[in-house]
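Overview (structure and organization)
Spelled out from the first residue to the last, the chains are:
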Amino acid sequence: SLPVHQQRELIRRAIRLYRTRGTTSGMEEIVRVLTSAPARIVSRARPNPFIVGGSHIGGGRNISERYYEEDSSGYFLYEESRPDTAFFTLELERKERFMKRFSERAPEVLKRISQVVTQEKPAHTTFTIIFDES
């Protein structure tokens, strides 16, 4: 289902992607190759804890709904807490740039990013996806 140019890029980088599978650099690269979205992995970084009056609770049943509802800090996937060593954050570009880059395809791209990272991450880890807020 990938466009031809992405298929060629995947084939060209296949050996390196296989060697680095499950590592920070490997996941960043596979997300870039399969979705064309710039991403950065921050190891052992959790989102800020919930603070009454200072947090935004995400709504929606899936990633696409949460994207359309414009959840403020962009926590699109957050699983149960685990030890700090088994957690990472996937940081995407600013939400405005992401929207401009992908326009109406943005929710589908976000869903694809989630699927790719879920398949490529080590089994014992969990992650969250956020948009850059700087």
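These notes cover the structure that comes with them.

Definitions and limits used
Each chain has its residues counted from 1, running along the sequence as written. Restriction of local features to residues with pLDDT of at least 70 applies here, the model being predicted, together with a cutoff of 80 or more for giving and counting side-chain atom pairs; totals for whole chains, interfaces and linings are based on all residues. With hydrogens and water excluded, all non-hydrogen atoms of the structure serve as input to the side-chain values. By nonpolar core is meant a set of buried Ala, Val, Leu, Ile, Met, Phe, Trp, Tyr and Cys residues that side-chain atoms within 4.5 Å join together. A 1.4 Å probe rolled over the protein chains alone gives each residue an accessible area, and that area as a share of the maximum for its type sets the label: buried under 20%, exposed over 50%, partly exposed in between. Runs of E in the DSSP output that reach at least two residues are strands. Runs of H or I that reach at least four are helices, and both are numbered from the N terminus. Pairing between strands is defined by DSSP: at least two bridges between them are needed. Axis lines are fitted through C-alpha atoms, for helices just across the contact stretch, and the angle between N-to-C directions can take any value from 0 to 180 degrees. In what follows, residue pairs with any heavy atoms lying within 4.5 Å of each other are defined as contacts.

Counting residues in each nonpolar core, the largest one holds 22 residues, and the members touching the most others are Leu 90, Leu 92, Phe 98, Ile 113, Val 117 and Ile 129. Where this core is concerned, the elements lending two or more residues are helix H3 (24-35), strand E1 (39-43), strand E2 (87-92), helix H5 (95-102), helix H6 (106-120) and strand E3 (126-131). No other element matches H6, which puts 6 residues into this core.

The mixed open sheet is built from 3 strands, whose spatial order is E1-E2-E3. Single-partner strands in this sheet number two, and they are E1 and E3. Mean inter-strand twist for the sheet, computed between neighbouring axes without regard to direction, equals 25°. Of the strand pairs in this sheet, E1 and E2 are connected by 5 bridges, and their pairing is antiparallel. Bridge assignment links Ala 39 to a residue of E2, and that residue is Leu 92. Here H6 sits on the sheet in contact with E2 and E3, set at roughly 150° to E3.

By themselves these figures say nothing about function.
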